[in-house]
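Here are the chains, one letter per residue:
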Amino acid sequence: MLLATREGETAKVNAAEKTGYFSQAVHEALAQVTESFPPDMVAVAEQVKQRFQSLDKRQLPTYFYYRSWDGDQEKYHYNPFDIRHNIQQSNAIKFVGRDEKLAQLHQLLKENDVVVISDVTGLGGVGKTELAIQYSWQYLEDYPGGCCWLNPQGTELGTQLVEFGMVNFPNFYPPQELSMNGKVGYCWRNWQAGKVLLVFDDVKDWKQIKDYLPAKGSRFKVLITTRQNTGLTYPSLPLGELSADAALELLTQLLGRDRVEGELEFAQKLCQFVGYIPIGLYQVAAYSREPGRVLC
C-alpha cells in the first residue's frame, strides 16, 4: 500500500499534464517494468520515492504494508496516519538550502540520544525551529511511539508530557497522588511502544529541561533547539546563514520569479544585506509586498 504523501504534506498537481505528480511517477515506474508480470511492486515503490527526493515538491510518498503475490512474505511499516504527535505546522512557504542539514540531523539522532540544533550567529532567525519541524514531519514514521513537541516557555514541561500521554494513549492515567517527578517517571515507563521523538523547542537555559530528559540509552530520542548552547554538552548541529543561491531562491518564492528577476542585482544585494538569514528575507518580503512598495 503506497500513499502519495506522508502526514502533514499535500499531494501536488502537475497542471500542465493534468495529473498528480504521484500518479505520473507511478505510471512511469510501472511502464519500465512491463516486460514482466506481476511487476516488482517493491522496486516500483522505491523508484517512486526516489523520484520525489529529486522533485522537491514537499511531497514524500511512503508505504506501510506489503506482501508477496503468493502471500508468503509480509512486511509492515507503521502507518504515519496512526502515529501520535503534536508537531507544529510549518510556516515556511518553501524550505530551501537545508537538505544536507536534514540528512546530518537524521544521522546524528541515529547515533545519539540527544542532539542540539544551535545558532552559530547567536542572533536568531536562522531556521532552527523550522528544521526541527521539517525533520519531525519527514521522519515521523521512524518514531512509532510518537513525536511530542514541548515548549519550555509554556505550561510546565511535566504537565505537557502527561497531557500528551493522556490525550493520545489508551489507559494512560498517572496516579494523582504522585508528585510531578513521579508523573514524569510514569510517562517514561508507560509511554506507547516504539521509538519516540521528544522536541524541546527554544530552550533558553539547560536548567529548564534537565529534569525532563529520559534515561540515557532508552528508546526516547531528544531534539533540542536553542539560540545559546549554554550548559548543553550534547552533539550539536550548528545553523548559520543560507548560501547566496538558497537565499535568492527563498526570496524568489516569497515575491515571485518575475519580480526578483526584474531586479536581480538589487535582490542579490538585499539577500547579502540581511546576512542570508531566513527571517530577514521574510521581513524584507513582507515589507516589499505592501501596496506601492518596490524592492529598492
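We now turn to the structure provided with this report. (Residues numbered from 1 in each chain as written. Predicted model: local features only at pLDDT ≥ 70, side-chain atom pairs only at ≥ 80, totals over all residues. Heavy atoms only, no water.)

Remarks on the overall build of the protein chain
When helices and strands are tallied, the protein chain shows 10 helices and 11 strands. Out of the 296 residues in the protein chain, the part that is buried amounts to 45%. Partitioning the intrachain contacts of the protein chain with sequence separation of at least 6 by distance along the chain shows that 70% fall at a separation of at least 24. (Helix = DSSP H or I, 4+ residues; strand = E, 2+ residues; numbered from the N terminus. Buried < 20%, exposed > 50% of the residue type's maximum accessible area, 1.4 Å probe, protein only. Contact = heavy atoms within 4.5 Å.)

Regarding the pairing of strand β11 (residues 236-239)
Every second residue of β11 is oriented toward a common face, the buried set being L237 and L239 and the non-buried set S236 and P238. Both strand β7 (residues 114-119) and β11 contribute to a ladder of four bridges, which runs parallel. Opposite V116, over in β11, you have S236 as the bridge partner. (Pairing = 2+ DSSP bridges.)

Structural notes on the side chain of K221
Tracing the chain through its elements places K221 in strand β10 (residues 220-226). We note that K221 is buried and unpaired, the nearest opposite charge coming from D113 at a distance of 4.2 Å. At 2.8 Å, the side chain of K221 forms a polar contact with the backbone oxygen of L109. Apart from residues lying up to four places away in sequence, K221 is in contact with L109, K110, N112, D113, Y143, K195, V196, L197 and L198. (Lys, Arg positive; Asp, Glu negative; His and termini not counted. Salt bridge = Lys/Arg side-chain N within 4 Å of Asp/Glu carboxyl O. Polar contact = N/O pair within 3.5 Å; in protein donor to acceptor, adjacent residues only side chain to side chain.)

Details of the state of the cysteines
Structurally, a disulfide amounts to a covalent bond that connects the sulfur atoms of two cysteines. Throughout the structure, instances matching the rule amount to zero disulfides. A disulfide-free cysteine, C148 has its sulfur positioned 7.5 Å from the sulfur of C147, the nearest such atom. The buried category is assigned to C148, whose relative accessible area is 0%. (Disulfide = S-S within 2.5 Å.)

Regarding unusual backbone geometry
Non-glycine residue K18 carries a positive phi angle of around 55°. Within the fold, K18 resides in the loop between β2 (13-14) and β3 (19-20). Phi angles above zero are rare outside glycine, and D202 is one such case at about 65°. By the element assignment, D202 lies in the loop between β9 (196-200) and β10. Judged by relative accessible area, which is 28%, D202 ranks as partly exposed.

Thoughts on the sheet that holds β11
Strand pairing in a sheet relies on backbone hydrogen bonds, with the paired strands running either antiparallel or parallel. Overall, parallel pairing links the five strands, which are arranged β8-β9-β10-β7-β11 in an open sheet. Strands at the two margins of the open sheet, each flanked by one partner only, are β8 (147-150) and β11. Adjacent strand axes in the sheet meet at a mean angle of 15° when their direction is disregarded. As defined by bridge partners, β7 adjoins β10 across five bridges and the pair is classed as parallel. Looking at the pairing, V116 lines up with I224 of β10. Contacts from helix α3 (residues 99-111) reach β7, β9, β10 and β11, with the element oriented near 165° to β11. (Axes fitted to C-alpha atoms, helices over the stretch in contact; angles between N-to-C directions.)

Remarks on the environment of G240
As for its placement among the helices and strands, G240 is situated in the loop between β11 and α7 (244-255). Separated by 120 residues in the primary sequence, G240 and V120 place their C-alpha atoms 5.5 Å from one another. Setting aside its immediate chain neighbours within four residues, G240 contacts R98, V120, T121 and V126.

Quick notes on helix α4 (residues 128-138)
Taken across its 11 residues, α4 has 10 buried, putting it largely inside the fold. For α4, the complete set of buried residues consists of K128, E130, L131, A132, I133, Q134, Y135, S136, W137 and Q138. Buried residues belonging to α4 abut α3, β7, β8, β9, β10 and β11.

Things to note about the nonpolar core
In this structure, L161, W191, L198, F200 and I224 are the most contacted members of the largest nonpolar core, which totals 26 residues. For this core, the secondary structure elements donating two or more residues are β7, β8, α5 (157-168), α6 (180-190), β9 and β10. Once you skip the residues sitting within four places of it in the chain, L161 turns out to touch C148, L150, V184, C187, W188, W191, L198 and Y212. Ranked by size, the runner-up nonpolar core spans 24 residues in total, among them I117, W149, L197 and V199. (Core = buried A, V, L, I, M, F, W, Y, C linked by side-chain atoms within 4.5 Å.)

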